[in-house]
Amino acid sequence: MIAPEDQGRAYLYRLLARLLAAAPDAATLGLLRGLGGDGSPVGGDLQGLAGAAATAGPGALEREYHDLFIGVGRGELVPFGSWYLAGFLHEKPLAHLRRDLGTLGLGRTAGTKEPEDHVASLCEAMALLIEGKGDLGAQKAFFERHLEGWAPAFFADLERARAARFYAAVGRLGARLMTLERDGFAFVEGVAA
Amino acid sequence: MRDGKDDAAPRARRRFLKLAGLGTAASGAALLAGSGAAKAAAPAATEAAKGYRVTDHVRRVYDLARF
């Protein structure tokens, strides 16, 4: 049985994974506009996301996504962990990640050539861990090894990125979740990395 | 460490997360977290995140890896 707070973490990870893997389509935008807040910090961020979705169209979001992450030659941000950690791709962090994902039975889809350390893939992996593949210690270890070192900076950069409108709200929510994860895991006894 | 029932730390952690809104507010994101059936959706969602919806990323990775 998964606690509501942990289910909420998984929901947010999945939401972030979805929005960071591709720009939201019209149906997703409709759902985003329906998000409501409740006065809590996370509620406020979700309300901000709803507000940002209300003034955005799918076409503009495609362009924003492209400008931020793909760009001509290079987008504004590189959403891969090894880039943030090592300054280039396919480095040691990626090798560590591959090993850890293998241990968890989370290998990448056959034929996929994209590195596994895309922020969307890592958020997806956290959701899977929370929803049953890993206990709290395993979640903490994975977070500390593969997200904590760079994802907070990535989300902060996303929040401030020049091209970010809708995605500034995504960055804010992501930064919030990273902070809550770090502080939440502080309650959990350390696991050797 | 296991998520022990009689352990104070996990309870304190949940209380902390609940105050932040991860219990109630975040449940509003359920509809956006994939289709209703979480278990059935998990592998598909993984493929979506890792598969060819991010083809442009793949191209860019190769561009970036060149130097």
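These numbers were taken from a predicted model, which means no experiment stands behind them.

S.K.: Tell me about the overall build of chain A, residues and numbers included.
M.R.: Along the backbone of chain A there are ten helices and zero strands. Secondary structure elements of chain A occur, N-terminal to C-terminal, as α-α-α-α-α-α-α-α-α-α. Accessible surface, chain A as shown: approximately 7,600 Å² in total, 53% of it carbon and sulfur.

S.K.: Give a detailed account of the nonpolar core, specifying residues and quantitative values.
M.R.: Residue and element names in this part refer to chain A. If you look at the biggest cluster of nonpolar residues, it comprises 72 residues, and the most contacted ones within it are Leu 20 and Tyr 167. No other element matches helix α10 (residues 166-185), which puts eleven residues into this core. When near neighbours in sequence (up to four residues on either side) are disregarded, Tyr 167 contacts Leu 19, Leu 20, Ala 22, Ala 23, Pro 24, Glu 64, Tyr 65, Leu 68, Phe 69 and Leu 158.

S.K.: Can you break down the packing of α10 of chain A against helix α1 (residues 8-20) of chain B residue by residue, with the values?
M.R.: α1 of chain B packs onto α10 of chain A with a crossing angle of 160° between their chain directions and a minimal axis gap of 9 Å. Taken together, the axes of α10 of chain A and α1 of chain B lie roughly antiparallel to each other. In this structure, the crossing between α10 of chain A and α1 of chain B has a hand that is right-handed. In this structure, α10 of chain A contributes Leu 180, Asp 183 and Gly 184 of chain A to the contact, and α1 of chain B contributes Arg 13, Phe 16, Leu 17 and Ala 20 of chain B. Classifying every residue of the contact of α10 of chain A with α1 of chain B by side-chain character gives four nonpolar, one polar and two charged.

S.K.: Can you break down the packing of aromatic side chains residue by residue, with the values?
M.R.: Two numbers describe a pair of aromatic rings. These are the distance of the centres and the angle of the planes. Residue and element names in this part refer to chain A. On inspection of all chains with the given rule, the structure shows eleven aromatic pairs over all chains. Consider the rings of Phe 69 and Tyr 167, whose centres lie 5.8 Å apart with planes at 85°: the pair is edge-to-face. Residue Phe 69 is found in helix α4 (residues 58-69), and its partner Tyr 167 is found in helix α10; the two are separated by 98 residues along the sequence. Neither residue differs from the other here; Phe 69 and Tyr 167 are each classed as buried.

S.K.: Lay out the side chain of Asp 100 of chain A with the relevant residues and their values.
M.R.: Mapped onto the secondary structure, Asp 100 of chain A falls in helix α6 (residues 92-103). Contacts of Asp 100 of chain A, omitting those with residues within four sequence positions, involve Arg 145 and His 146 of chain A.

S.K.: Describe the environment of Gln 7 of chain A, naming the residues involved and giving the relevant values.
M.R.: Residue and element names in this part refer to chain A. Within the secondary structure, Gln 7 sits in helix α1 (residues 4-21). A C-alpha to C-alpha distance of 7.2 Å links Gln 7 and Glu 131, two positions 124 residues apart in sequence. Among residues more than four places away in sequence, those in contact with Gln 7 are Ile 2 and Glu 131.

Here is what the cut-offs are and how they apply
Residues numbered from 1 in each chain as written. Chains lettered and ligands numbered in written order. Predicted model: local features only at pLDDT ≥ 70, side-chain atom pairs only at ≥ 80, totals over all residues. Heavy atoms only, no water. Helix = DSSP H or I, 4+ residues; strand = E, 2+ residues; numbered from the N terminus. Areas by Shrake-Rupley, 256 points an atom, 1.4 Å probe, with all protein chains shown as cover. Core = buried A, V, L, I, M, F, W, Y, C linked by side-chain atoms within 4.5 Å. Buried < 20%, exposed > 50% of the residue type's maximum accessible area, 1.4 Å probe, protein only. Contact = heavy atoms within 4.5 Å. Axes fitted to C-alpha atoms, helices over the stretch in contact; angles between N-to-C directions. Parallel < 35°, antiparallel > 145°, perpendicular 65-115°, else oblique. Left-handed = near helix turned anticlockwise from the far one by under 90°. Nonpolar A, V, L, I, M, F, W, Y, C, P; charged D, E, K, R; others polar. Phe/Tyr/Trp six-rings, centres within 6.5 Å; stacked < 30°, edge-to-face > 60°.

Don't take any of this as a statement about function, it's just geometry.
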